[in-house]
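In case you want the letters, here they are:
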Amino acid sequence: NDLLQHWERKKLERERQEQERDIQETLQRQEALRRRLEEERQEVLSALPTVKEPTALLQLETLGGMGRGRGRGRGVSNLPAWLVEKQRQESEGIGGRD
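Numbering of residues starts from 1 in every chain and runs along the sequence as written. Reporting in this predicted model follows two pLDDT cut-offs: at least 70 for local features of residues, and 80 or more for side-chain atom pairs to be given and counted; totals over whole chains, interfaces and linings ignore these cut-offs and use all residues. With hydrogens and water excluded, all non-hydrogen atoms of the structure serve as input to the side-chain values.

## Some remarks on the overall build of the protein chain
Reasoning step 1: A helix here means a DSSP run of H or I that spans at least four residues, while a strand means a run of E at least two residues long, and both kinds are numbered starting from the N terminus. When helices and strands are counted, the protein chain shows three helices and zero strands.
Reasoning step 2: In the protein chain, the succession of helices and strands from N to C terminus is α-α-α.
Reasoning step 3: For the protein chain, the proportion of its 98 residues judged to be buried stands at 0%. Residue exposure (1.4 Å probe, protein chains only): buried if accessible area is under 20% of the type maximum, exposed if over 50%, otherwise partly exposed.

See the structure below:
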């Protein structure tokens, strides 16, 4: 009985150590990825032309955003064709206001 408990404790201890090792490896991989992404971001920003106004830089960063908060992000519209055509005509000033 005591021997079974001892082996069970050892088994649990080994499993816990494996889990801790896996967690540490995952955290290290995530940190390396985070550093690499930050380096790539800095490279991209340094390659951009110098911008005098901070608002222009903000616009540059958000224009090519990773699809955050912009619907599907593929330029696909769910509007019916007749409504799209009406909006296009109004924006061109062709029709709509007679």
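Anyway, onward from the coordinates.
## Notes on a positive patch on the surface
Reasoning step 1: Only residues whose relative accessible area exceeds 30% and that form no salt bridge enter a patch; like-charged residues are grouped when within 9 Å of one another, and nonpolar side chains (Val, Leu, Ile, Met, Phe, Trp, Tyr) when within 5 Å. Here, Shrake-Rupley sampling with a 1.4 Å probe gives the accessible areas, and only protein chains in the shown set may cover a residue. The term salt bridge refers to a pairing of a side-chain nitrogen on Lys or Arg with a carboxyl oxygen on Asp or Glu at a separation within 4 Å. Charged-residue counts in this description rest on Lys and Arg as positive and Asp and Glu as negative, His and the chain ends being excluded. Lys charges are placed at NZ, Arg charges at CZ, Asp charges at CG and Glu charges at CD. Residues Arg9, Lys10, Lys11 and Arg14 make up a contiguous surface patch of positive charge.
Reasoning step 2: Mapped onto the secondary structure, Lys10 falls in helix α1 (residues 2-47).

## Details of helix α3 (residues 81-92)
A turn of α-helix holds 3.6 residues, and therefore any two residues three or four places apart point the same way.
Reasoning step 1: With twelve residues, α3 should cover 16 Å at 1.5 Å per step; its first-to-last C-alpha distance of 16 Å lies within 8% of that length.
Reasoning step 2: Phi turns positive, to about 80°, at Gly93, one or two residues after α3. Helix span, expected: 1.5 Å multiplied by one less than the number of residues in the helix.

## Details of a negative patch on the surface
Reasoning step 1: Together, Glu8, Glu15, Glu18, Asp22 and Glu25 make up a negatively charged patch on the protein surface.
Reasoning step 2: Mapped onto the elements, Glu8 comes out in helix α1.

## Points about the confidence of the model for the protein chain
Reasoning step 1: The score called pLDDT rates the predictor's confidence residue by residue, from a low of 0 to a high of 100. Looking at the protein chain as a whole, the pLDDT averages 80, with 66% of positions reaching at least 70.
Reasoning step 2: Here helix α2 (residues 54-63) is the element of the protein chain with the lowest mean pLDDT, 58, and α1 is the one with the highest, 94.

## Let's talk about the environment of Thr26
Reasoning step 1: Secondary-structure assignment places Thr26 in helix α1.
Reasoning step 2: A residue is classified by how much of its surface remains accessible, and Thr26, at 30% relative accessible area, is partly exposed.
Reasoning step 3: Two N or O atoms count as a polar contact when they lie within 3.5 Å, although within protein this holds only if one can serve as hydrogen donor and the other as acceptor, and sequence-adjacent residues are included solely when both atoms are side-chain atoms. Among the polar contacts made by the side chain of Thr26, one reaches the main-chain carbonyl oxygen of Asp22 at a distance of 2.9 Å.

## As for the pattern of salt bridges
Reasoning step 1: Within this structure, the stated rule accounts for seven salt bridges.
Reasoning step 2: The partner of Glu20 in a salt bridge is Arg16, with the nearest N and O atoms 2.9 Å apart. You can see Glu20 and its partner Arg16 sitting in helix α1, four residues apart, about one turn around the helix.
Reasoning step 3: The salt bridge partner of Arg88 is Glu85, with a shortest N-O separation of 2.3 Å. Remark: Glu85 and Arg88 occur in helix α3; sequence separation between them is three residues, near one turn of the helix.
Reasoning step 4: Through salt bridges that share partners, Glu31, Arg34 and Arg35 make up one connected network.

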